[in-house]
Amino acid sequence: MTPTKLALHETLDLHEITAFKNVCLTKAKTMQALVSDDALKSILQQDVQVSSRQLQELDQLLSRTSH
């Protein structure tokens, strides 16, 4: 199946999700430096990795927009 262009409402939704994920990523990175519990640091590190990957995927989807 060939990728198609995204509709305007889909593009706006993707921008909103991307903005939210950026805030989550920033918070996780900041909190990582502030916590002292190793288990919590590990969870935050995993969240940073997953969020970074998700943002890359969202960026690929946004590259399909025509707006």
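Now for a quick tour of the structure.

Each value, and the rule that gives it
- Residues numbered from 1 in each chain as written.
- Predicted model: local features only at pLDDT ≥ 70, side-chain atom pairs only at ≥ 80, totals over all residues.
- Heavy atoms only, no water.
- Core = buried A, V, L, I, M, F, W, Y, C linked by side-chain atoms within 4.5 Å.
- Buried < 20%, exposed > 50% of the residue type's maximum accessible area, 1.4 Å probe, protein only.
- Helix = DSSP H or I, 4+ residues; strand = E, 2+ residues; numbered from the N terminus.
- Contact = heavy atoms within 4.5 Å.
- Axes fitted to C-alpha atoms, helices over the stretch in contact; angles between N-to-C directions.
- Parallel < 35°, antiparallel > 145°, perpendicular 65-115°, else oblique.
- Left-handed = near helix turned anticlockwise from the far one by under 90°.
- Nonpolar A, V, L, I, M, F, W, Y, C, P; charged D, E, K, R; others polar.
- Expected span 1.5 Å × (residues − 1).
- Lys, Arg positive; Asp, Glu negative; His and termini not counted.
- Salt bridge = Lys/Arg side-chain N within 4 Å of Asp/Glu carboxyl O.
- Polar contact = N/O pair within 3.5 Å; in protein donor to acceptor, adjacent residues only side chain to side chain.

Attention now moves to the nonpolar core. Grouped together as the largest cluster of nonpolar side chains are 10 residues: L6, L14, L25, A28, V35, L44, V48, L55, L58 and L62. When residues of this core are traced back to their parent elements, those giving at least two are α1 (8-34) and α2 (38-62). Apart from residues lying up to four places away in sequence, L44 is in contact with A28, M31, Q32 and V35.

Right, let's get into the packing of α1 against α2. Look at α1 against α2: their axes get within 9 Å of each other, and the N-to-C directions meet at 155 degrees. It follows that α1 is roughly antiparallel to α2 by the angle criterion. The interaxial crossing formed by α1 with α2 has left-handed handedness. Its residues placed into classes, the contact of α1 with α2 shows 12 nonpolar, 9 polar and 4 charged.

Between its first and last C-alpha, α1 extends 40 Å over 27 residues, near the 39 Å set by a 1.5 Å rise per residue. Taken as a whole, α1 has its buried residues at T11, L14, T18, K21, L25, A28 and Q32. Where α1 is buried, its residues contact α2.

A few words now on the side chain of K21. Among the structural elements, K21 can be located in helix α1. No salt bridge is formed by the buried K21; its nearest oppositely charged neighbour, D47, is found at 5.1 Å. A polar side-chain atom of K21 sits 2.7 Å from a polar atom in the side chain of Q54. In this structure K21 touches S51, Q54, L55 and L58, once residues within four positions along its chain are discounted.

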